Each structure stands twice: as C-alpha cells, then as structure tokens.
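Geometric and topological summary
Chain by chain, the residues:
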Amino acid sequence: MMTMFIVCFFVGLVLTLLITLFGVDSFELHGDGGGTHGHGHGHSGPSWFNMSSLLAGLTVFGGMGYILNKVGMTSGLLILLCAIAAGLVMAWLFFLLYAKVIYKHDDSMKESDFELSGQLGKLTVPIIGKGMGEMVYVLQGTTRSISVRSENGESLAKGTKVVILNMSKGVATVTEFSEFE
C-alpha cells in the first residue's frame, strides 16, 4: 500500500508542476455549457473535474497515506479512508480556488462566443429595400455593430428591433423581432 501512496504523490506532484509550468489545464470532464443564443453567450463555469483539482486531490491522497503509514497508524482501512478524505477535501478546495479566482478572470475565447444567430439588436442605419444597413447589439457586455440586410429585401426603419438569422461574408441577415411571434 505504501507503494501506491508514493506513486500517487509523485505522479500528482510531477503532473501538477508540468501543468503549472506549461499551462495545460484544458482537460475537463464535461461538455461546454455554451450559453443561450442572443443573451450574451455566457459560460456555464468550470467543471468540478478539472485537471488542477484532480491532481491536487491525488497528490494529497498519496502524501497523506504515506505520512499516516510513517507515523505508525496500523489500520490499513483507516489510513485509506483518511487519505481519501484528505484528497477529496483538497480537490474541493482547489475547485473553489479555480472557480472563484482563476476561472472567473479567464477571458479565453470560444467559437460559440462569436455565433451571432439569434442575437437581438437595433438598427442604427435603416435598411432600404435590398440595400444594407447597420445594427448594434451587445455581446459579452460590449456594444458592437455589424452590417445587415433584411431577409426578404423589405425596408426596415432606424430603431427597429431585429434578430440575426445568419451570417454570410461578414454581413448579417436579419428580420424584424416581434415579442409575440
């Protein structure tokens, strides 16, 4: 059992150091929550099973098991349970650190952040027939503008609320947004 604790401790420690040095903490055991279309495309938050938390738990599990063996605890089952508990507590603490401090300030861009279908906005330049206009919308807390054209070539007045249907060559195709459709 001592060998298992030593291996867990050193594997966790070495992998934690490698991740810290090379910044490869992208392994998470869940799919991307994505967000909701048209409402800022927010992220759902980090996975409970992120690499930092798993490795912290593994390292503490191995270290605690080894220490308890060395200080003379004789019950193998008690040592195992204490090591598991210590590993889970440390993994939970690392998750809290990761979720509340590190991930909160992570501004990594995801492809879904730029999916504009379903995005609501307002025309700042009217669309005349098959011509183009401009709309403003808010994405991740920033007001942005984009060139637009109407879906069926109809004219839309300045100030009309519109929704993006699709994008083609940097121009959005929009239709008038009606809250009661």
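Here goes a summary of the coordinates provided. Within every chain, residues take consecutive numbers counted from 1 along the sequence as written. Two thresholds apply to this predicted model, a pLDDT of at least 70 for residue-level local features and 80 or more for giving and counting side-chain atom pairs, whereas whole-chain, interface and lining totals are computed over all residues. Where side-chain values are given, they derive from all heavy atoms of the structure, hydrogens and water being excluded.

**Points about the overall build of the chain**
- Working definition: helices are DSSP H or I runs of at least four residues, strands are E runs of at least two. Numbering for both runs from the N terminus. A count of helices and strands for the chain gives three helices and five strands.
- Put simply, the chain runs from its N terminus to its C terminus through helices and strands in the order α-α-α-β-β-β-β-β.
- Under the scheme applied here, a residue whose accessible area is under 20% of the maximum for its type counts as buried, over 50% as exposed, and between as partly exposed, the area being computed with a 1.4 Å probe on protein chains only. Burial status across the chain gives 31% buried among its 181 residues.
- Only heavy atoms enter the contact rule, under which two residues are in contact if any of them lie within 4.5 Å. Residue pairs in contact within the chain that sit at least 24 positions apart in sequence constitute 54% of those at least 6 positions apart.
- For the chain, the accessible area works out to roughly 11,200 Å², and carbon and sulfur atoms hold 65% of it. Using a 1.4 Å probe, accessible areas were evaluated by the Shrake-Rupley method; residue-level cover was limited to the displayed protein chains.

**Re the environment of Ala 85**
- Within the secondary structure, Ala 85 is located in helix H3 (residues 76-102).
- Of the residues examined, Ala 85 reaches a relative accessible area of 39% and is grouped as partly exposed.
- Along the sequence, Ala 85 and Phe 61 sit 24 residues apart, while their C-alpha atoms lie 7.9 Å from each other.

**Some thoughts on the packing of helix H1 (residues 2-22) against helix H2 (residues 51-70)**
- In contact at an axis separation of 7 Å, H1 and H2 are set at 145 degrees when each is read in the N-to-C sense. Considering the relative orientation of H1 and H2, their crossing is left-handed. On H2, the residues that touch Met 2, Met 4, Phe 5, Ile 6, Cys 8, Phe 9, Val 11, Gly 12, Leu 13, Leu 15, Thr 16 and Ile 19 of H1 are Met 51, Leu 55, Leu 58, Thr 59, Phe 61, Gly 62, Gly 63, Gly 65, Tyr 66, Asn 69 and Lys 70.
- A class-by-class count of the residues in the contact of H1 with H2 yields 15 nonpolar, seven polar and one charged. Every angle, taken between N-to-C directions, lies between 0 and 180 degrees, and every axis is a line fitted to C-alpha atoms, over only the stretch in contact when it is a helix. Should the near helix be turned anticlockwise from the far one by less than a right angle, the crossing is termed left-handed; should it be turned clockwise, right-handed. Gly counts as polar in this scheme, as do all residues outside two lists: the nonpolar Ala, Val, Leu, Ile, Met, Phe, Trp, Tyr, Cys and Pro, and the charged Asp, Glu, Lys and Arg.

**Here's the deal with the pairing of strand E5 (residues 171-176)**
- Judged by how many residues are buried, E5 sits mostly within the fold: five of six residues are covered.
- Pairing analysis gives three bridges linking strand E3 (residues 142-150) to E5, with the strands arranged parallel. Each residue of the ladder has a partner; that of Ser 150, found in E5, is Val 174.
- Note: two strands are recorded as paired if DSSP finds a minimum of 2 bridges between them. Of the pairings in the sheet, the one linking strand E4 (residues 161-168) to E5 comprises six bridges and is antiparallel in character. Counted as the bridge partner of Ile 164 is Val 174 from E5.

**Brief notes about the side chain of Thr 160**
- Mapped onto the fold, Thr 160 is located in the loop between E3 and E4.
- At a separation of 2.6 Å, a polar atom in the side chain of Thr 160 contacts the main-chain carbonyl oxygen of Ala 157.
- Contact partners of Thr 160, with chain neighbours within four places excluded, come to Gly 121, Lys 122, Leu 123 and Glu 176. In protein, a polar contact means a hydrogen-donor-capable atom and an acceptor-capable atom, both N or O and within 3.5 Å, with residues adjacent in sequence counting only if both atoms are side-chain atoms; elsewhere, any N or O pair within 3.5 Å suffices.

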